[in-house]
Amino acid sequence: MRKGSSLKDRLEARLAAALVAAGAPEGTPAIVQPATRAGFGDYQANGAMGAAKRMQRNPRELAQAALAAAALDDMVSHAEIAGPGFINLTLSDACLAAELEAFAANVIAPQPVTEAAAPVVVDYSSPNLAKEMHVGHLRSTIIGDAMARVLEHTGHAVLRQNHVGDWGTQFGMLLTFMAELASDPDKVPDKQPDEHKVALEHELADIETFYRNAKERFDADAAFAQRARDTVVRLQAGDADCLARWQQFIDISMRHCEAVYSRLGVGLDRSHVHAESAYNDDLPAVVDDLEAAGLLVESEGARCVFLDEFKGKDDQPLPLIIQKRDGGYLYATTDLAAIRYRCGQLGAERILYFVDNRQTLHFRQVFAVARAAGFAPAHVELEHMPFGTMLGEDGRPFRTRAGGVIRLTDLLDEAEERAFALVSEKNPELDETERREIARVVGIGAVKYADLSKHRNSDYVFAWDSMLSFDGNTAPYLQYAYSRVQSLFRRAEVDPAAFDAPISLQAEAERTLALQLLRLPETLATVARDGVPHLLCSHLFDIAVAFMAFYEQCPVLSAADTATRESRLALAQRTSAALHTGLGLLGIGIVERM
RNA sequence: GGGCGUGUAGCUCAGUUGGAUAGAGCAUUCGGCUACGAACCGAAAGGUCGGGGGUUCGAAUCCUCCCACGCCCGCCA
């Protein structure tokens, strides 16, 4: 049995083969899925109906023939044809017990990277270093990070790529403002009188404010604006002075990001940064390649690629601008260079972009051009994994009353504060240090889960209360379930990591829990394929609900006999491992008590 | 004007290549702590799946037309 293969996959493979054996065309899927209702067993196969229709055969007969040919006796204790041709399957207790036996190896342990697997590149977070990270960066950062973990767990070599913006036009403005402050500290805007002559380093401690002040200068002073534009040119031409100041700014801004990543428990560090500027030297080569491929066209002074499949207003051809009239490059050029690098140097077989859905058209164009230019060979999958825009509670694109954004730091502070108040109320007997630590894990977890648990493609409304909710389908519920299992082990005085015992499923609640646990691999496979971690959230929630029901109905420590007690402890142990692993893949922490 | 996306319970959202009686959480109502931790559990109530038409054994899901909202459509990223 292959590690990580799900029960569903195995049933699917056997029934699909059986359908073919029963006369269906090669490649006919069995369409196995969890049963839609309890009375229908554990899994159902719906493929016979569609196949029979195409073959003009009686669907129930085909289903019956397939079921016989599949010979599922080793897995299934009861099977029947229902309705127009559903195949309803009930897994045998022996099968469930055997699966639970191998749980640690098949489900919990990461799948080894097999074959000569080419790496999957995950492009996520990618903040613009000109500004401070704000709540709008949560989705890309958190979802991308969870996906990187899930892909690794399911046996892929993953290369995280943080394509930070460090080379855009705004840097001219920022560097000019920096130079001005360095030479004349009196120009520091007097937001507060005592900040009048602060050092540059101190000023840069709040990048968001720094950016706003620079922008104000830019908008108000034409001479300043011109100097800013000149600075961009000098920077991109490699002027040593500009580069030094740029480096200083980038370092400070990167440190801000790293602080946020660290608080969020996001697995990004400097080794994953491959900034826009890193492609600077490649850009002329990208242009040359496009030229050589005969794709470049000059239009209104700019060099563009026009592809037939993209039309703009009035059916006019839609350009992808590669090089501006003034010779400057744009983000399309950098994105093409990145694809060229990731395919050519990194040898990627799949590249995932966790980027705002407003860039959908941009990526469709860039991908198409990358194919046409040969930067991305046909076997490489380029996938934009778009996510929704953050809206305010009025349904308009999000802003604070001051027209700004909410800094991630402030959101996380608020989350921890609320969690601390809650844990202090629920468990005042814990000492403050422990309550602080619990508040940190619970608060951050709640924020992350709020983002992870929704389908990434829908817009979402920024609201403190829903983001910091601790009730219902939230991270704290899952963390609570985990801490309850741990409590069981503390009382039983056994180490869950070392404990094991034969499992025998008697009560209905035990069987339900077992099935939920064993479905984890099929969920992980879907998440890895489609980039949808919300399915993992909802599955972990199902596991937690099943555990809570089991916990209510099935006494563990005071079970009637030792065998039952140990069997239930073993089931609890699987639950603990599943929650630990699942939350870990989501990047959400756990606590032993809360 | 064209393209992309969204529209499901009062609110926030699930719904996996079309499957059987559309599911959760919150809120509401009712019940459960001398109990392996009540951040919990059980139950009830709540739906013309934006609207019309079509495809078929079967549609929230596929096709078509319409409505509402959001985003994108040449030198920002």
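Residues numbered from 1 in each chain as written. Chains lettered and ligands numbered in written order. Predicted model: local features only at pLDDT ≥ 70, side-chain atom pairs only at ≥ 80, totals over all residues. Heavy atoms only, no water.

Attention shifts here to the overall build of chain A. Helix and strand counts for chain A come out as 22 helices and 13 strands. Dimensions of chain A along its principal axes, counting C-alpha atoms only, are 85 × 65 × 45 Å. Every one of the 594 residues in chain A was classed for burial, and the buried ones make up 52%. Expressed as a percentage of contacts within chain A between residues at least 6 apart in sequence, the contacts between residues at least 24 apart total 73%. (Helix = DSSP H or I, 4+ residues; strand = E, 2+ residues; numbered from the N terminus. Buried < 20%, exposed > 50% of the residue type's maximum accessible area, 1.4 Å probe, protein only. Contact = heavy atoms within 4.5 Å.)

Below, the discussion takes up the environment of glutamine 486. In this structure, glutamine 486 sits in helix α18 (residues 475–492). The buried category is assigned to glutamine 486, whose relative accessible area is 6%. As a C-alpha pair, glutamine 486 and valine 287 span 199 residues in sequence and 59 Å in three-dimensional space. In contact with glutamine 486, not counting residues within four places along its chain, are Pro496, Ser576 and Glu592.

With a phi close to 55 degrees, isoleucine 31 is a non-glycine residue in the positive phi region. With respect to the element layout, isoleucine 31 can be found in the loop between α1 (7–21) and β1 (32–34). In the Ramachandran plot, glutamine 56 falls in the positive-phi region, its phi being about 60 degrees despite a non-glycine side chain.

Our next topic: the protein's contact with RNA strand B. Lining the immediate environment of RNA strand B, one finds 63 residues, of which Arg37, Phe86, Lys324, Tyr331 and Tyr551 sit closest. The share of sugar and phosphate among atoms of RNA strand B within 4 Å of the protein is 49%. Between RNA strand B and the protein, one listed contact pairs a sugar or linking oxygen with a side-chain N or O atom of glutamate 276 at 2.5 Å. Between RNA strand B and lysine 426 there is a distance of 3.5 Å, counted from a sugar or linking oxygen to a side-chain nitrogen or oxygen. Elements supplying a minimum of two residues to the surface near RNA strand B: α2 (47–55), β4 (86–91), β9 (317–323), α14 (360–373), α15 (408–426), α18 and α21 (534–553). The class makeup of the residues in the surface near RNA strand B is 27 nonpolar, 18 polar and 18 charged. (Near = heavy atom within 4 Å. Polar contact = N/O pair within 3.5 Å; in protein donor to acceptor, adjacent residues only side chain to side chain. Nonpolar A, V, L, I, M, F, W, Y, C, P; charged D, E, K, R; others polar.)

Moving on, we come to the sheet that holds β9. The three strands lie next to each other as β7-β8-β9, forming an open sheet whose pairing is antiparallel. The sheet terminates laterally at β7 (296–299) and β9, the two strands that pair on one side only. Strand-to-strand twist of the sheet, defined as the mean angle between neighbouring strand axes without regard to direction, takes the value 50 degrees. The strands touched by α14 are β8 (302–311) and β9; relative to β8, the strand with the most contacts, the crossing angle is about 100 degrees. (Pairing = 2+ DSSP bridges. Axes fitted to C-alpha atoms, helices over the stretch in contact; angles between N-to-C directions.)

The next point concerns helix α20 (residues 520–530). Within α20, the full set of buried residues consists of Leu520, Pro521, Glu522, Thr523, Leu524, Val527 and Ala528. Positive phi shows up at glycine 531, right after α20, with a value of about 70 degrees.

A complete count under the given rule lists 33 salt bridges for this structure. The residue aspartate 145 makes a salt bridge to arginine 149 at a minimum N-O spacing of 2.9 Å. In this pair, aspartate 145 and arginine 149 both sit in helix α6 (residues 138–153), four residues apart, roughly one turn of the helix. Look at aspartate 145 and you get buried, because its relative accessible area is 1%. (Salt bridge = Lys/Arg side-chain N within 4 Å of Asp/Glu carboxyl O.)

The next thing to look at is the side chain of histidine 534. Along the chain, the position of histidine 534 falls in helix α21. With residues up to four places along the chain from it excluded, the contact list for histidine 534 reads Leu452, Ser453, Lys454 and His455.

What follows is about the sheet that holds strand β11 (residues 381–384). Pairing between sheet strands relies on hydrogen bonds along the backbone, with the strands arranged either parallel or antiparallel. As summarised here, the arrangement of the four strands in space is β6-β5-β10-β11, forming an open sheet in which the pairing is parallel. The open sheet terminates on both sides in strands that have one partner only, identified here as β6 (158–161) and β11. Taking the axes of each pair of neighbouring strands and ignoring which way they run, one obtains an average angle of 15 degrees across the sheet. With four bridges joining them, strand β10 (residues 350–353) and β11 adopt parallel strand pairing. Bridge pairing in β11 links isoleucine 351 to leucine 382. In the packing of α6 onto the sheet, the strands contacted are β5 (120–123), β6 and β10, and the crossing angle to β6 comes to about 165 degrees. Against the sheet, α14 engages β10 and β11, with an angle of about 170 degrees to β11.

One finds Leu11, Leu15, Leu91, Phe171, Leu174, Phe249 and Leu536 to be the most contacted residues of the largest nonpolar core, which totals 142 residues. Every residue in contact with leucine 536, bar those within four places of it in the chain, is listed here: Val150, Leu520, Thr523, Leu524, Val527, Gly582, Leu585 and Leu586. The next biggest cluster of nonpolar side chains, apart from the first, holds 36 residues, and it includes Val121, Ala332, Ala338 and Leu382. (Core = buried A, V, L, I, M, F, W, Y, C linked by side-chain atoms within 4.5 Å.)

On to the packing of helix α7 (residues 170–183) against helix α10 (residues 222–236). Following both chains from N to C, one finds α7 and α10 inclined at 110 degrees, their axes separated by 7 Å at the closest point. Accordingly, the angle class assigned to the pair α7 and α10 is roughly perpendicular. Of the residues in α10, those touching α7 at Phe171, Gly172, Met173, Leu175, Thr176, Phe177 and Glu180 are Phe224, Arg227, Ala228, Thr231, Val232 and Leu235. (Parallel < 35°, antiparallel > 145°, perpendicular 65-115°, else oblique.)

Moving on, we come to the domain arrangement of chain A. Interface size, as often reported, equals the accessible area lost upon joining of the parts. Per the domain assignment, the segments making up chain A are domain 1 (7–91), domain 2 (168–237) and domain 3 (410–586). Relative placement of domain 2 and domain 3: their C-alpha centres are 48 Å apart. (Domains from an automatic or database assignment.)

Turning our eyes to something else, we now look at the pairing of β6. Relative to β6, β5 runs parallel, the two sharing four bridges. The partner of valine 122 across the bridge, within β6, is arginine 160. Regarding topology, α6 serves as the crossover connection from β5 to the parallel β6, and that connection is right-handed. (Right-handed = clockwise from strand over helix to strand, strands pointing away.)

This brings us to the environment of valine 380. Mapped onto the fold, valine 380 is located in the loop between α14 and β11. Residue valine 380 is classed as buried on the basis of its relative accessible area, which comes to 2%. Distance from valine 380 to valine 233, taken between C-alpha atoms, is 35 Å for residues 147 residues apart in sequence. Leave out the neighbours within four places in its chain, and valine 380 touches Cys343, Ala348, Glu349, Arg350, Ile351 and Arg371.

On inspection of all chains with the given rule, the structure shows 13 aromatic pairs. With centroids separated by 5.2 Å and ring planes inclined at 80 degrees, the aromatic side chains of tryptophan 167 and tryptophan 246 adopt a geometry described as edge-to-face. Of this pair, tryptophan 167 sits in the loop between β6 and α7 while tryptophan 246 sits in helix α11 (residues 240–264); the two residues are 79 residues apart in sequence, bridging distant segments of the chain. Taken as a pair, tryptophan 167 and tryptophan 246 share a single burial class, namely buried. (Phe/Tyr/Trp six-rings, centres within 6.5 Å; stacked < 30°, edge-to-face > 60°.)

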